[in-house]
Amino acid sequence: DATRQMAALWWTRHRERGQALADARNLSFLPSRLSIIHRSEGHLGCVNTLQFNQEGNLLVSGSDDCAVKFWDAHTYSLKHSISTNHHSNIFFARPAPHDATQVVSGCGGGEIYLTPVETPGNATRLARVPGMVVKADVCASNLLVVGSTVGAILVDPRRTKIRRFGPARTIAVRADPSNDNIVAVGGNHNLVRLYDTRMLGDDDTATARVTTGLLASMHAASSHSHHDISGLDFSPRHPGRLLVNYLGAGGPLAELDSRTSETLIEYRGRKNSRTFAKDCIYLNDGSMVATGCDDGYVVFWRDDDDTPVRRLRADNRIVNCVAYHPGVAAVAVSGIDSDIKWLDYSGEGSEISAPMGADSESESDSDTEFIGPDHPLYPLVVQMMQGGVGAGASDSDEDGEGVIDVDDDNSDGNGSAMEEVDDDDGDEDDFD
């Protein structure tokens, strides 16, 4: 009898724990229970990139301060801090796909570095492009696909070898988890293009664009040619579905069927006009989507409903980055503030409660240099979004033929913060 009682008690607790874990992944549970449970401080500027490692025990961040930091995903404490060889704002940083003891990062100065975590002085520069590099993802064969001013770049970090493809001024890139040979790219145009990396060849084409491999082009029904693309994500739940975050007044957050080019849904209740590289992600095994907003909120939707189910204030100015933990229902977000917010289910958390206005803006300004119309770097951001940067860049999708340098170690470090650009209208975000 005692043995049965112990077994029954164990089973009850096991079932309760299993239900709790299921609830943590349940669509209705996630928005209502999430709150800010911790703020990780350490960066000295805007935090422009967040990436969990594959095991989920570390979060990698990069910032305007040119530093890459590794955070313990369980205690939220700082594990490592690397002073990189970058000379301008870091826009992506992630563990190297072939070696987790190294980190690969890219910056507004157009440099891509491979840096050993324990011996950062032994960093290798993989490439340098005119203008900037923005986002990156891992695709087949441990290659990196990187968005840049001169187009998408396929980087092999083991051989310092690159291939360039796609249109100039690419910002967003994403590999398809159901077939990581397929990558989606988007940027200074409203078209999303799908490429098969196996069709790009194996020659070193540092000074020439590969023109093969294009599978499809598509755009959201309500998008226009003046809408840029700031973020992309493939659904883990529905193969072929693609989340597209459009930039500019009236630009939608939309889910497309990449096989039919059909617009499946356009999500309401968010605004994306003031920064050029906001993430958009699927969460909860693809049953939810989320993105940051110009008003400092992170917004959650069900994947099949265009009305937000939760808006959580997570930055004093703008939320740019949203990262979902690979193993548990937890989220890390960052933006113009110099810290990282961790969202979880403790039930004792909070959200940023300071109202938008002069007081909160002045406090944020004290930590971060803002790039507005009067700043000397502001034209670079405008060129990136509206006309391209570098030799030969123009409004044509196939222009921007600037040479990619993979050998010369000298660099200028000419970058731009992931900061505000002119808003086409001054309206507050709403649900219309």
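In the block above lies the structure referred to throughout.
Criteria and thresholds
- Residues numbered from 1 in each chain as written.
- Predicted model: local features only at pLDDT ≥ 70, side-chain atom pairs only at ≥ 80, totals over all residues.
- Heavy atoms only, no water.
- Helix = DSSP H or I, 4+ residues; strand = E, 2+ residues; numbered from the N terminus.
- Buried < 20%, exposed > 50% of the residue type's maximum accessible area, 1.4 Å probe, protein only.
- Contact = heavy atoms within 4.5 Å.
- Areas by Shrake-Rupley, 256 points an atom, 1.4 Å probe, with all protein chains shown as cover.
- Pairing = 2+ DSSP bridges.
- Axes fitted to C-alpha atoms, helices over the stretch in contact; angles between N-to-C directions.
- Core = buried A, V, L, I, M, F, W, Y, C linked by side-chain atoms within 4.5 Å.
- Polar contact = N/O pair within 3.5 Å; in protein donor to acceptor, adjacent residues only side chain to side chain.
- Salt bridge = Lys/Arg side-chain N within 4 Å of Asp/Glu carboxyl O.
- Phe/Tyr/Trp six-rings, centres within 6.5 Å; stacked < 30°, edge-to-face > 60°.
- Lys NZ or Arg CZ within 6 Å of the ring centre and 35° of its normal.
- Disulfide = S-S within 2.5 Å.

Participant: Explain the overall build of the protein chain here, please?
Facilitator: If you tally the helices and strands in the protein chain, you get four helices and 29 strands. The buried share among the 432 residues of the protein chain stands at 59%. By sequence separation, contacts in the protein chain at least 24 residues apart represent 56% of the contacts at least 6 residues apart. If you sum the accessible surface of the protein chain, you get close to 17,300 Å²; carbon and sulfur atoms cover 46% of it.

Participant: Explain the sheet that holds strand 2 (residues 47-52) to me, please; I cannot follow it from the model alone.
Facilitator: Within a beta sheet, neighbouring strands are joined by backbone hydrogen bonds and run either parallel or antiparallel to one another. With antiparallel pairing, the four strands of this open sheet are ordered in space as 2-3-4-5. Each of the sheet's edge strands pairs with one partner strand only, and the pair in question is strand 2 and strand 5 (78-83). In this sheet, adjacent strand axes meet at a mean angle of 15° when their direction is disregarded.

Participant: Is there a simple way to explain the nonpolar core in this structure?
Facilitator: Most often, soluble globular proteins keep nonpolar side chains buried together rather than apart. Of all hydrophobic cores here, the largest spans 18 residues; its most connected members are Leu283, Val298, Phe300, Val322, Val331, Val333 and Leu343. Mapped by element, the contributors of at least two residues to this core are strand 23 (280-283), strand 24 (288-292), strand 25 (297-302), strand 27 (319-324) and strand 28 (331-335). Each residue touching leucine 343, except ones within four places of it in the same chain, is listed here: Leu34, Ser35, Ile36, Val298, Phe300, Leu312, Ala330, Val331 and Val333. Of all hydrophobic cores here, the second largest spans 16 residues; its members include Ala96, Val133, Ala136 and Val146.

Participant: Would you explain the side chain of threonine 84 in this entry?
Facilitator: Looking at the secondary structure, you find threonine 84 in the loop between strand 5 and strand 6 (90-96). Judged by relative accessible area, threonine 84 falls into the buried class, the value being 13%. For threonine 84, the side chain forms a polar contact with the main-chain nitrogen of histidine 86, separated by 3.2 Å. Those residues in contact with threonine 84 that lie beyond four places of it in its chain are Cys66, Val68 and Ile90.

Participant: Even after reading the chapter, I still don't get the pattern of salt bridges, so can you show me in this structure?
Facilitator: Any two side chains of opposite charge can pair, so long as their charged atoms come close to each other. Summed over the entire model, instances satisfying the criterion amount to 14 salt bridges. Residue arginine 174 is joined to aspartate 137 by a salt bridge in which the shortest nitrogen-to-oxygen separation is 3.8 Å. Of this pair, arginine 174 sits in strand 14 (residues 170-176) while aspartate 137 sits in strand 10 (residues 133-138), and the two are 37 residues apart along the sequence. The class for aspartate 137 is buried, based on a relative accessible area of 9%. Between arginine 174 and aspartate 233 there is a salt bridge, with its nearest N and O atoms 3.3 Å apart. Of this pair, arginine 174 sits in strand 14 while aspartate 233 sits in strand 19 (residues 228-234), and the two are 59 residues apart along the sequence. Put simply, Arg94, Asp137, Arg174 and Asp233 are held in one network by salt bridges that share partners.

Participant: What is the right way to look at the sheet that holds strand 28 in this model?
Facilitator: Spatially, 1-29-28-27 is the arrangement adopted by the four strands of the open sheet, whose pairing is antiparallel. Pairing within the sheet leaves two strands with one partner each, and these edge strands are strand 1 (35-40) and strand 27. Adjacent strand axes in the sheet meet at a mean angle of 25°, parallel and antiparallel pairs treated alike. For strand 27 and strand 28, the ladder comprises five bridges, and the chain directions are antiparallel. Within the sheet, the bridge partner assigned to cysteine 321 lies in strand 28 and is serine 334.

Participant: What am I meant to see in the packing of aromatic side chains here?
Facilitator: When we look at a pair of aromatic rings, we describe it by the centre distance and by the angle of the planes. Inspection of every chain in the model, using the stated rule, returns five aromatic pairs. Directly above the aromatic system of tyrosine 297 lies the positively charged group of arginine 311, at a separation of 4.5 Å from the ring centroid.

Participant: Teacher, can you tell me more about the environment of arginine 33 here?
Facilitator: Within the fold, arginine 33 resides in helix 2 (residues 29-33). For the pair arginine 33 and leucine 343, spaced 310 residues apart in sequence, the C-alpha to C-alpha distance is 9.3 Å. Not counting chain neighbours up to four residues away, the residues in contact with arginine 33 comprise Arg310, Asp344 and Tyr345.

Participant: Explain the state of the cysteines to me, please; I cannot follow it from the model alone.
Facilitator: Here, disulfide denotes a covalent bond that connects the sulfur atoms of two cysteines. Within this structure, the stated rule accounts for zero disulfides. No disulfide involves cysteine 66; its sulfur sits 7.1 Å from that of cysteine 107, the nearest cysteine. Relative accessible area serves as the criterion here: at 16%, cysteine 66 is assigned to the buried category.

Participant: Any chance you could explain unusual backbone geometry here in plain terms?
Facilitator: Of all residues except glycine, most have a negative phi; of all peptide bonds, most are trans. Its identity is not glycine, yet arginine 169 carries a phi of approximately 60°, on the positive side. Within the element layout of this structure, arginine 169 appears in the loop between strand 13 (161-165) and strand 14. With phi around 55°, asparagine 284 is a residue other than glycine that occupies positive phi space. Within the element layout of this structure, asparagine 284 appears in the loop between strand 23 and strand 24. On the accessibility criterion, asparagine 284 (4% relative accessible area) is buried.

Participant: How do you make sense of the environment of glycine 109 when you look at a structure like this?
Facilitator: Tracing the sequence through the fold places glycine 109 in the loop between strand 7 (99-107) and strand 8 (111-116). A C-alpha to C-alpha distance of 5.2 Å links glycine 109 and methionine 132, two positions 23 residues apart in sequence.

Participant: Any chance you could explain the side chain of aspartate 137 here in plain terms?
Facilitator: At 2.8 Å, the side chain of aspartate 137 forms a polar contact with the backbone nitrogen of alanine 175. Every residue in contact with aspartate 137, bar those within four places of it in the chain, is listed here: Arg94, Leu143, Leu144, Val145, Val173, Arg174 and Ala175.

Participant: Please clarify how the environment of valine 333 should be interpreted in this entry.
Facilitator: With respect to the element layout, valine 333 can be found in strand 28. Assessed through its relative accessible area of 0%, valine 333 is described here as buried. When the C-alpha atoms of valine 333 and asparagine 48 are compared, they prove to be 9.9 Å apart, with 285 residues separating the residues in sequence. For valine 333, the contacting residues outside a window of four places in its chain are Leu50, Val298, Ala314, Val319, Cys321, Val322, Ile340, Lys341 and Leu343.

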